[in-house]
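# A structural walkthrough
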Amino acid sequence: MENIAEAKKVVHVGVILDVNSPVGSVANACISMAISDFYGAHPNFRTRLSPHHRNSDDALAAAFTALELIDKEEVDAIIGPQTSKQARFVIDVGRKAQVPVISYSATSPSLSITQNPFFVRVALDDSTQAKVITAIVQAFEWHEVILIYEDTEYGSDLIPYLAYEFQQVDIRVSSRFSFSPNDSKLRILKKLNKVMAMQTRVIVVHMSSSFGSKLFFLAKDVAMISEGYVWIITDGLSRLLDPMGVKAFGPMQGVLGIRPYIPQSKGLKNFKRKWQSRIHSSSTKLNIFGYWAYDTIWALAKAVEMIPQESSSVNGENHHRNTSQFPVIKVSKRGKMILNGLLKTKFKGLSGDFSLVGGQLQSLTFEIINVIDNEEKVIGYWTLENGLTRKPDKAKNGKSMSKYELKPPIWPGNTKDKPRGWTTPIGGKKLNIAVPHKPGFEAYLKVAQDPYTKEFIITGFSHDVFEEALALLSFPVPRKLIPFPIGPNGGTYDELLSNVKNQTYDAAVGEITILANRSQYVDFTLPYLQSDVSIVVKSKDDERNNMWIFLKPLSWDLWLTTGVAFVCTGLVVWILEHRINNEFRGSAHQQVGTVFWFSFSILVFAHREKIINNLSKFVLIIWIFVVLILTQSYTASLASMLTVQRLEPTIIDIDELKMNGDFVGYETGSFVKDLLVKQLDFDESKLRDHGTAEEFDKALSKGSQNGGVGAIFGARHCVNLFLAKYCDKYMIVGPTYILMDLVSPFQEGHL
């Protein structure tokens, strides 16, 4: 037995951890168990790891501890240190000594594997969880989040990755709040009050377990762990919930969390059984860092066994050193070979498949937990291939981001109803929204004042569009609508938008046209009304209202000719029939009546007299043919005049307006005035502004010669509204004017 022991090659390994912390105490025990279990399972291995434990809770002390281990103990590898801050110092020492630094708990993304070739991370990079948290927020259709993080290297390094992933799916980070571990209770409460004042209620927390549990106790005291709130914790806190015990669960009811998925295996069950059988305190509970520390020893022992036997174990001095920064550092002869073997090692460990890709552990599965009744319950999983799912091995076609792939969680306040993710902020600033206040065209916007409360009541199409747009948002927009007078006693639309530019108002709502000059200092929404300019003029009177319209189908000359033809036809027939037909004889009074009556009665074949003479019959044939043509033409013309509205404008185009020297009108405060003067070359003295449809009607009815106007120029939507009320009196003429240089390339629209 002694000869066998002497044949074993001892490889010295440094172990730097904080045994007074939950992570360090568990890892320390797991490392001892791993060495015992590994060589119990591999008694024939020719190498043996010899751990040299050092306790350190300080970054600088960890660096000096690493130097001491390399110099005195001549270690060929260092396990630890425990925190990312400590690892940053120790990594540089390991690089100079060519000793691999293997950490099972330094998860900060800022620790670059590529820039530190002797650094190996047997843990998950914190940045891997950013996609998981984003998937949860997206699945429940929340669009804004608040980030709360620990103001340390561990806490702040993840925030840029979270912000980037949120940005990819249009989720807005409304605020970020950093909390220092040195903050007093009062300072933490003040910051929590600021969080409460925000309207966003989806809060993502990235903190260490000790500080995170303290924060949640204070959040519960100020009623922030209540209905309406959503709390999502990162794996830094989720991984240690169970080890912290029931006390930590108390203030975290309804909280969602994520952590790496540890698949159940026979080896894991046996390890848990051994853990319970050993003399460990009941308060020292297993955590994932313990599993990673255990797997680290197995991986390192396998890598050491791969080193050729002839390799030297003697460390040499590094003569190329900067003595102002470091003392003499011995360079390991086997460190690089151990590193290469470690990177190639693959096996089934306690935490799952052990495989280092790019110098760090890989995991493609996370589990989603929900804190319910002082315990954590798994409600689903996230995998890189399938997204959110209820089973870690569930196969699907394509990724899923549906909340229905998770079991229904219990939210803060012990409710199953999904929080909407926002609320009206406490003491939050309301947006001041300007609304054009002018009489007329109230279908688009109407401003009225309640006679009792004196509050303004705003209605109309533009207001309805604005309210519907706000209703589509996933968060409320506190606002106050403020009327802005337009007209002689107020301002213009340009002045209104100038007030938006100088931030007197936050925005404006109304039928405000998009113009090129306006677009230079305010942003417009997409247009929802037409704003091209049309000309409205008075139409000629409708002849259908004339009681003598039945005379219109025939001219007066034709009426006179027709009357003469009637008399002549009756007289000719009387002459031809008088001598031989007794029905055309009688007194002179009767003979005259017969002449006139016979010609008219023949129109409807109502004549009673019998025709005998053939010449008379020939005359009647010609007369009936003429009468047939005449009656059919008259009937068609009269029917057309009675059924078809024949509107004709009193003015044809702007050239006629200028030639006649007519006055023209436009809507008060409108951009149309600039169009008339700058593009259509109207004299400004010939312009008249009118505010309402009634004023338009009155001005057009009077006409330019009687104190009115000859035409009205207006935006299409206003013109359509005007003609809907006065379509029987006015009509659109001439071309429709696009605003050309006055309008932006995006055409017309409204703010």
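For the chain, the name recorded in an unreviewed UniProt entry is Ionotropic glutamate receptor C-terminal domain-containing protein, with Gossypium darwinii as its organism. What UniProt states about the chain under its Subcellular location (unreviewed entry) heading is, verbatim, "Membrane".

Let's shift gears to the overall build of the chain. Each helix and strand counted, the chain has 24 helices and 28 strands in total. In the chain, once contacts between residues fewer than 6 apart in sequence are set aside, the share between residues at least 24 apart is 70%. As displayed, the chain has an accessible area near 37100 Å², and 55% of this comes from carbon and sulfur atoms.

This brings us to unusual backbone geometry. Looking along the chain, the bond that leaves G80 and enters P81 is cis, with omega of -5°. Structurally, P81 is set in the loop between strand 3 (77-79) and helix 4 (84-97). Within the chain, D170 stands out as a residue other than glycine whose phi angle is a positive 60°. Tracing the backbone through its elements, the reader meets D170 in the loop between helix 7 (159-168) and strand 7 (172-179). Residue D170 is classed as exposed on the basis of its relative accessible area of 65%. A positive phi angle, close to 60°, is found at A223, a residue other than glycine. Looking at where A223 falls in the secondary structure, it is placed in the loop between helix 9 (209-221) and strand 9 (230-233). Judged by relative accessible area, A223 falls into the partly exposed class, the value being 45%.

Here we take up the nonpolar core. One finds L49, Y104, L162, F166, I232, F271 and L300 to be the most contacted residues of the largest nonpolar core, which totals 83 residues. When residues in this core are grouped by element, the largest group, 13 residues, is from helix 14 (residues 288-305). Other than its neighbours up to four places away in sequence, L300 contacts V13, L49, A77, I79, I102, I338 and L342. Counting 25 residues, the second largest nonpolar core, distinct from the first, contains M196, I203, I233 and L237.

Bringing helix 13 (residues 266-277) into the picture now. Compared with the 16 Å implied by 1.5 Å per residue over 12 residues, the 17 Å span of helix 13 between its first and last C-alpha is a close match. Regarding helix 13, the residues found buried are L268, F271 and W275. Looking down the long axis of helix 13, one finds its buried residues gathered within 60° of arc, a one-sided arrangement. Along helix 13, exposed side chains directed more than 90 degrees from the buried face belong to K266, K269, R273, Q276 and S277. Packed against the buried residues of helix 13 are helix 2 (22-41) and helix 14.

What the three strands build is an open sheet, ordered 22-19-23; its pairing is parallel. The open sheet is flanked by strand 22 (479-485) and strand 23 (507-508), the only strands paired with a single partner. Together, strand 19 (431-437) and strand 22 form the strand contacts of helix 16 (residues 461-471), whose direction differs from that of strand 22 by roughly 160°.

As paired strands, strand 13 (residues 346-349) and strand 14 (residues 352-357) are joined by four bridges and run antiparallel to one another. Bridging across to strand 14, K348 finds its partner in D353. Taken together, strand 13 and the strand that follows it, strand 14, pair antiparallel across an intervening segment of two residues. Counting the residues that bridge the hairpin from strand 14 to strand 15 (residues 360-361) gives two residues, and of these G358 lies at a positive phi of roughly 65°.

Cut-off values and rules
- What you see as residue numbers is a count from 1 along each chain, following the sequence as written.
- Where local features are concerned, this predicted model is filtered to residues with pLDDT of at least 70; where side-chain atom pairs are given and counted, the filter is 80 or more; whole-chain, interface and lining totals use all residues.
- Computation of side-chain values: all heavy atoms of the structure, hydrogens and water removed.
- UniProt positions are given in the numbering used here, feature names are shortened, and annotations may be inferred rather than shown by experiment.
- Here a strand is any run of E in DSSP of at least two residues, a helix any run of H or I of at least four, and the numbering for each starts at the N terminus.
- The contact criterion used throughout is that any non-hydrogen atoms of two residues lie within 4.5 Å.
- Per-residue and other accessible areas were derived by the Shrake-Rupley procedure at a 1.4 Å probe size, with only the shown protein chains allowed to occlude residues.
- Only protein chains enter the accessibility calculation, which uses a 1.4 Å probe; a residue whose area is less than 20% of its type maximum is buried, one above 50% is exposed, and one in between is partly exposed.
- Grouping buried Ala, Val, Leu, Ile, Met, Phe, Trp, Tyr and Cys residues that are joined through side-chain atoms within 4.5 Å yields what is termed a nonpolar core.
- One fewer than the residue count of a helix, multiplied by 1.5 Å, yields its expected span.
- The arc refers to the directions leading from the helix axis to the C-beta atoms.
- Pairs of strands are assigned from DSSP output, requiring at least two bridges between the strands.
- To get an axis, a line is fitted to the C-alpha atoms, and for a helix only the part in contact is used. The angle between two axes follows their N-to-C directions and goes from 0 to 180 degrees.

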